[in-house]
Amino acid sequence: MDAVVDTLGALRPGVEARLERFHPADGAAHGDTVAVELRRTGATLTVPADRSVLSAVRERVPDVAYSCEQGFCGTCKVRVLGGTPEHRDDLLTVEERADSMLICVSRSQDGKLVLDL
């Protein structure tokens with residue numbers, strides 16, 4: 001995919017490729033354990049280092065929106081009410097990152113997140 005992006009950049013300067021990678025940018029591991037409060041349900045989840053936030057949330061909220069690996073990247077975007085996300089995606093804009101995160105790949109910078117779920 002990197003070769004395609006490089007070729008596109010060489011052939012069409014200024015055109016930005018949007019990619020769906022199914023893993024954190026730069027191949028980063030999920031990261032440290034994080035506590036995730038689901039504000040609307042009142043639940044707090046402990047997401048271990050080897051799991052995504054999305055996989056843990058799906059156990060508690062099975063109907064949470066996501067469509068990973070189906071070509072609709074961005075469906076799992078969730079509003080962040082507390083904590084500081086560590087954005088590991090290549091999709092969200094700077095404006096979107098101000099109050100949202102993609103829970104399929106992103107984590108927390110400070111070990112805790114409060115999500116609008």
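Worth saying up front: this structure is predicted, and the values here are computed from it rather than measured.

Turning our eyes to something else, we now look at the sheet that holds strand β5 (residues 107-115). Within the open sheet, the 5 strands sit side by side as β2-β1-β5-β3-β4. Their pairing is mixed. The open sheet terminates on both sides in strands that have one partner only, identified here as β2 (43-47) and β4 (100-102). Each strand of the sheet is rotated relative to its neighbour by a mean of 40 degrees, with strand direction disregarded. Where strand β3 (residues 77-86) lies against β4, 3 bridges are found, and the strand directions are antiparallel. Looking across to β4, one finds that Val78 is bridged to Met101.

Here we come to the pairing of β2. Residue alternation in β2 divides its side chains into a buried set, Ala43, Leu45 and Val47, and an unburied set, Thr44 and Thr46. In this sheet, β2 lies alongside strand β1 (residues 34-38) in antiparallel orientation, the contact comprising 5 bridges. When the sheet's bridge partners are listed, Val36 is paired in β2 with Leu45. Connecting the antiparallel pair β1 and β2 is a turn made up of 4 residues, with Gly42 showing a positive phi of about 80 degrees.

Summed over the entire model, instances satisfying the criterion amount to 8 salt bridges. Measuring nitrogen to oxygen at the nearest pair gives 3.1 Å for the salt bridge that ties Asp89 to Arg97. The class for Arg97 is partly exposed, based on a relative accessible area of 26%. Put simply, Glu37, Arg39 and Lys112 are held in one network by salt bridges that share partners.

Calculation rules
- Residues numbered from 1 in each chain as written.
- Predicted model: local features only at pLDDT ≥ 70, side-chain atom pairs only at ≥ 80, totals over all residues.
- Heavy atoms only, no water.
- Pairing = 2+ DSSP bridges.
- Helix = DSSP H or I, 4+ residues; strand = E, 2+ residues; numbered from the N terminus.
- Axes fitted to C-alpha atoms, helices over the stretch in contact; angles between N-to-C directions.
- Buried < 20%, exposed > 50% of the residue type's maximum accessible area, 1.4 Å probe, protein only.
- Salt bridge = Lys/Arg side-chain N within 4 Å of Asp/Glu carboxyl O.

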